[in-house]
Amino acid sequence: KQEVTQIPAALSVPEGENLVLNCSFTDSAIYNLQWFRQDPGKGLTSLLLIQSSQREQTSGRLNASLDKSSGRSTLYIAASQPGDSATYLCAVWDDYKLSFGAGTTVTVRA
Amino acid sequence: NAGVTQTPKFQVLKTGQSMTLQCAQDMNHNSMYWYRQDPGMGLRLIYYSASEGTTDKGEVPNGYNVSRLNKREFSLRLESAAPSQTSVYFCASSGIGTGNGRYEQYFGPGTRLTVT
């Protein structure tokens, strides 16, 4: 059974600092890995999807890396802003379904 | 396109009552899913439907039933609600994203259910 872990569970940084969010998974036989953002009381919004054959994916200030052999992915958010405050969830595609981590809740202080 | 829609947004039930959560998607996706989200536990898969006419159990199916009514609609039924089913329920569908051509999962806004 795939286990997905996100550390830390919560993170508070001053505005402008770069954010580093970690995700680890136990079974490296994954198809893809997807990062989501969730605002309080809202649904999930997809941020980035990394295919299993890729090492990284970038979108604006966001960059996600994937190391399948070590079972790790990292989401980098450059020059954080208060609007980046949210919970970030990592999920791995394991054949037909996603397995989720519990998320990292980020607070960016103005 | 509305994407994935869910009704109702909020619901309060008494123990033993039944209800159906509705979900619809307009992206022509084959696969649809129901998850529950509890504090500190991430999202857990209840049931999924790989295509119209098929359904399969996920990680936490006990106490729930589902119906894939057609390609667009996938409903979740609680036959006899229990306080342990207090949670936020999300419906999702999977398919090729219109913006990037990649196979991704798209989520509805959620239903917040309280069972007293």
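Residues numbered from 1 in each chain as written. Chains lettered and ligands numbered in written order. Predicted model: local features only at pLDDT ≥ 70, side-chain atom pairs only at ≥ 80, totals over all residues. Heavy atoms only, no water.

**Q** So, the overall build of chain A: which residues are in play, and what are the values?
**A** Secondary structure summary: chain A contains zero helices and eleven strands in total. In sequence order, the secondary structure elements of chain A are arranged as β-β-β-β-β-β-β-β-β-β-β. For chain A, whose C-alpha radius of gyration is 13 Å, the value lies close to the compact-globule estimate of 13 Å for 110 residues. With respect to the three principal axes, the spread of C-alpha positions in chain A is 40 × 25 × 20 Å. By the burial criterion, 46% of the 110 residues in chain A qualify as buried. In chain A, 53% of the contacts between residues at least 6 apart in sequence involve partners at least 24 apart. Accessible surface, chain A: about 5100 Å² in total, of which carbon and sulfur atoms supply 47%. (Helix = DSSP H or I, 4+ residues; strand = E, 2+ residues; numbered from the N terminus. Rg over C-alpha atoms; globule rule 2.2 N^0.38 Å. Buried < 20%, exposed > 50% of the residue type's maximum accessible area, 1.4 Å probe, protein only. Contact = heavy atoms within 4.5 Å. Areas by Shrake-Rupley, 256 points an atom, 1.4 Å probe, with all protein chains shown as cover.)

**Q** How would you explain the nonpolar core if you had to name every residue and give the values?
**A** All names here are of chain A. Ranked by internal contacts, the top residues of the largest apolar core, which has 22 residues, are F25, L33, W35, L75 and Y88. Looking at this core, the elements that each hand over two or more residues are β3 (19-25), β4 (32-38), β5 (44-51), β7 (62-67), β8 (72-77), β9 (86-94) and β11 (104-109). When sequence neighbours within four positions are dropped, the list of residues in contact with F25 reads Q2, E3, V4, I30, L33, L66, D67, K68, G71, R72, S73 and V92. (Core = buried A, V, L, I, M, F, W, Y, C linked by side-chain atoms within 4.5 Å.)

**Q** Now, about the interface of chain A and chain B: what can you tell me, with residues and values included?
**A** The interface of chain A with chain B comprises 22 residues on the first partner and 20 residues on the second. Taking both partners together, chain A and chain B bury about 1600 Å²; carbon and sulfur atoms supply 56% of that area. Counting across the interface, chain A meets chain B through one salt bridge. Here A:K1 ties to B:E59 by a salt bridge, and the two come within 3.7 Å at their closest N and O atoms. One can count four residue pairs in polar contact (both at pLDDT 80 or more) joining chain A with chain B. (Buried area = accessible area lost by both parts, 1.4 Å probe. Salt bridge = Lys/Arg side-chain N within 4 Å of Asp/Glu carboxyl O. Polar contact = N/O pair within 3.5 Å; in protein donor to acceptor, adjacent residues only side chain to side chain.)

**Q** I'd like a rundown of the sheet that holds strand β8 (residues 74-78) of chain B, residues and numbers included.
**A** Residues and elements named next belong to chain B. Strand order in the open sheet formed by four strands is β1-β3-β8-β7, with antiparallel pairing between adjacent strands. Looking at the sheet topology across the chains shown, the edges are occupied by β1 (4-7) and β7 (64-68). In this sheet, neighbouring strand axes are inclined to one another by 20 degrees on average, regardless of whether the strands run parallel or antiparallel. With four bridges joining them, β1 and strand β3 (residues 19-25) adopt antiparallel strand pairing. Across the sheet, V4 pairs through a bridge with Q25, a residue of β3. (Pairing = 2+ DSSP bridges. Axes fitted to C-alpha atoms, helices over the stretch in contact; angles between N-to-C directions.)

**Q** Describe the pairing of strand β11 (residues 111-115) of chain B, listing the residues and the values that go with them.
**A** Residues and elements named next belong to chain B. With four of its five residues buried, β11 lies for the most part within the structure. Taken together, the four bridges between strand β2 (residues 10-13) and β11 define a ladder with parallel strand orientation. Counted as the bridge partner of L13 is V115 from β11. Here three bridges tie strand β9 (residues 87-96) to β11, and the two strands are oriented antiparallel to one another. Its bridge partner lying in β11, V88 is registered against R112.

**Q** Help me get a handle on the packing of aromatic side chains, residues and values and all.
**A** What the rule picks out here adds up to nine aromatic pairs over all chains. Three or more aromatic residues joined by ring pairs make a cluster, and in this case those are A:F36, A:F100, B:Y33, B:Y35, B:Y48, B:F90 and B:F107. (Phe/Tyr/Trp six-rings, centres within 6.5 Å; stacked < 30°, edge-to-face > 60°.)

**Q** Now, about the pattern of salt bridges: what can you tell me, with residues and values included?
**A** Counted under the stated rule, the structure contains seven salt bridges over all chains. For B:R36, the salt bridge goes to B:D38, with nearest N and O atoms at 2.9 Å. Taking the relative accessible area as the measure of exposure, B:R36 reaches 8% and is therefore buried. Across the pair B:D38 and B:R44 runs a salt bridge whose closest N-O atoms are separated by 2.8 Å. With respect to class, B:D38 is no different from B:R44; both count as buried. One connected set of salt bridges, linked through shared partners, spans A:K1, A:E3 and B:E59.

**Q** An account of unusual backbone geometry is requested, with residue identities and associated values reported.
**A** Put simply, A:I7 and A:P8 share a cis peptide bond, and its omega is 0 degrees. With respect to the helices, strands and loops of the structure, A:P8 is situated in the loop between β1 (4-7) and β2 (10-14). Of the consecutive residues B:T7 and B:P8, the connecting peptide bond is found in the cis state with omega at -5 degrees. For B:P8, the location among the structural elements is in the loop between β1 and β2. Its identity as a non-glycine residue notwithstanding, A:A79 has a phi of 45 degrees, on the positive side. For A:A79, the position within the fold is in the loop between β8 and β9. Residue A:A79 is classed as partly exposed on the basis of its relative accessible area, which comes to 38%. Here B:N28, not a glycine, exhibits a phi torsion of approximately 60 degrees, which is positive. Inspection of the secondary structure puts B:N28 in the loop between β3 and β4 (31-37).

Scope: geometric values only; no functional claims are made or implied.
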